[in-house]
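Listed below are the residues making up each chain.
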Amino acid sequence: MKKAIVPTFLLIVWQIIAWAELLPRFILPGPLAVMEALWTNAPLLTSHLLVTLGEVIAGFSIGALLGLGFATLMMMSPLVRVNLRPLLNASQAIPVFVLAPILTLWFGYGTEPKVAMTILLVFFPIASGLLDGMLATPEATLDLARIAKASRWRELVWLRLPQAIPQLAASVRIAVTYAPTGAVIGEWIGASKGLGYLMLMANARSRTELMFAALALIVAMTLLLHKAADLLLRRFLEKDR
């Protein structure tokens, strides 16, 4: 209940600003106008929401699997880790926004560039988080494994991965909130459907309420995905204990 106090207060202030006409309605419609747009345009918004959600789920799933695989490969091979980890870190110096037009040029205006954008945003936090977690395994624990002549694979599965689970869980929570951003950015650059595309079309036609309604759905989708991931991770970590 207490968590809803601040959002409720902000919505009330927002609505007062709209009623007082401190800003023109085409710049900032009130929450009630946005809710009306959500209701009256529900079928349109739902169809675009499903497109964006599909892109997010596909991009997150592929990006997470690639991140897990890449981190495991770097952990298993010191040579690969020494050569590729600097490239992995350097890749974050490139703003993802500037890659969107290139991906659109390569893959066209379909679903592929949006999924690719999502993969790029999801891949790094998961790969980096898992690798850092595995590298943080205490040396004393590793020494015991070496004394027992455990193979590198057994060391990975029984020691390094359990050690990395908390950090991996934190990385997944971050990645799942990044995922919608990738899909929406891709839709802004070039698309014919999706919430990002709908926002651009609504803005071009001065339908500000519809634009804010699409934005509200993006925020709600991100929060729900984060909550779902958090619940699943909590259950997994509780079972692991």
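Since the model is a prediction, treat every value here as computed from it, not as a measurement.

Novice: Help me understand the overall build of the chain, please; the structure alone is not making it clear to me.
Specialist: Across its full length, the chain holds ten helices and zero strands. If you list the helices and strands of the chain from N to C, you get α-α-α-α-α-α-α-α-α-α. Across its three principal directions, the C-alpha atoms of the chain cover 75 × 45 × 30 Å. Counting across all 241 residues of the chain, residues that qualify as buried make up 39%. Accessible area for the chain stands at about 14300 Å²; split by element, carbon and sulfur atoms hold 71% of it. The chain carries 20 positive and 13 negative side-chain charges, and their two centres are separated by 5 Å.

Novice: Help me out: how do you make sense of the packing of aromatic side chains in this one?
Specialist: Any pair of aromatic rings gets described here by the distance separating the centres and the angle formed by the planes. Summed over the entire model, instances satisfying the criterion amount to two aromatic pairs. Considering the side-chain rings of tryptophan 14 and phenylalanine 212, the 6.1 Å spacing of their centres and the 45° angle between planes classify their relative orientation as tilted. Here tryptophan 14, found in helix α1 (residues 5-19), pairs with phenylalanine 212, found in helix α10 (residues 208-240); they are 198 residues apart in sequence, far enough to count as distant. With a relative accessible area of 22%, tryptophan 14 lands in the partly exposed category.

Novice: Sorry if this is basic, but what is going on with unusual backbone geometry here?
Specialist: Across the chain, the bulk of peptide bonds are trans and the bulk of non-glycine residues have phi less than zero. Phi at serine 206 takes a positive value of approximately 60°, unusual for a residue other than glycine. Within the secondary structure, serine 206 is located in the loop between α9 (195-204) and α10. Using a relative accessible area of 57% as the deciding quantity, one classes serine 206 as exposed.

Novice: Can you help me understand the packing of helix α3 (residues 42-76) against helix α6 (residues 112-135) in this one?
Specialist: The description of two helices packed together rests on the angle between their axes and the distance between the axes. Closest axis-to-axis distance for the α3/α6 pair is 7 Å, and the angle between their directions is 35°. The handedness of the crossing between α3 and α6 is right-handed. Residues of the contact of α3 with α6, tallied by class, amount to 21 nonpolar, five polar and two charged.

Novice: Is there a simple way to think about helix α4 (residues 78-90) in this case?
Specialist: Structurally, the α-helix is built with 3.6 residues per turn, so residues lying three or four positions apart point the same way. Here α4 contains 13 residues, and its C-alpha end-to-end distance of 18 Å stays within 8% of the 18 Å for a straight helix at 1.5 Å per residue. In the structure, α4 departs most strongly from a straight axis at leucine 84, where the bend amounts to approximately 35° and where the proline proline 86 lies between one and four residues downstream.

Novice: Would you mind showing me how to read the nonpolar core here?
Specialist: In terms of nonpolar packing, the biggest core is built from 29 residues, with Phe60, Leu88, Val122, Ile126, Leu130, Met134 and Val172 touching the most fellow members. For this core, the secondary structure elements donating two or more residues are α3, α6, α8 (152-189) and α10. By size, the runner-up hydrophobic cluster in this structure holds 16 residues, among which are Leu28, Val34, Met211 and Leu217.

Parameters and conventions
The residue numbering used here restarts from 1 in each chain and proceeds along that chain's sequence as written. Where totals are concerned, whole chains, interfaces and linings use all residues; where local detail is concerned, this predicted model gives features only for residues with pLDDT of at least 70, and gives and counts side-chain atom pairs only at 80 or more. Side-chain metrics in this entry use all non-hydrogen atoms of the structure; hydrogen atoms and water are not considered. Put simply, DSSP marks the helices as runs of H or I at least four residues long and the strands as runs of E at least two long, and each gets a number from the N terminus on. Burial status follows relative accessibility: with a 1.4 Å probe on protein chains alone, a residue under 20% of its type maximum counts as buried, one over 50% as exposed, and anything between as partly exposed. Throughout, the Shrake-Rupley method with a 1.4 Å probe supplies accessible areas, and for residues the shown protein chains are the sole cover considered. Neither His nor the chain ends is counted toward charge; the positive residues are Lys and Arg and the negative residues Asp and Glu. For the purpose of locating charges, the reference atoms are NZ of Lys, CZ of Arg, CG of Asp and CD of Glu. The rule is short: rings of Phe, Tyr and Trp, with Trp giving its six-membered ring, pair when the centres are within 6.5 Å, and they are stacked under 30 degrees, edge-to-face over 60, tilted in between. Note on method: axes are straight lines fitted to C-alpha atoms, helices fitted across the in-contact stretch only, with angles between N-to-C directions ranging 0 to 180 degrees. Here a crossing is called left-handed whenever its near helix is offset anticlockwise from the far helix by less than a right angle, and right-handed whenever the offset is clockwise. Each residue gets one of three labels, nonpolar for Ala, Val, Leu, Ile, Met, Phe, Trp, Tyr, Cys and Pro, charged for Asp, Glu, Lys and Arg, and polar for the others, Gly among them. What a helix is expected to span follows from its residue count: subtract one and scale by 1.5 Å. In this scheme, the bend at a residue equals the angle between the axes fitted to the seven residues that finish there and the seven that begin there. To form a nonpolar core, buried Ala, Val, Leu, Ile, Met, Phe, Trp, Tyr and Cys residues must be joined to one another through side-chain atoms within 4.5 Å.

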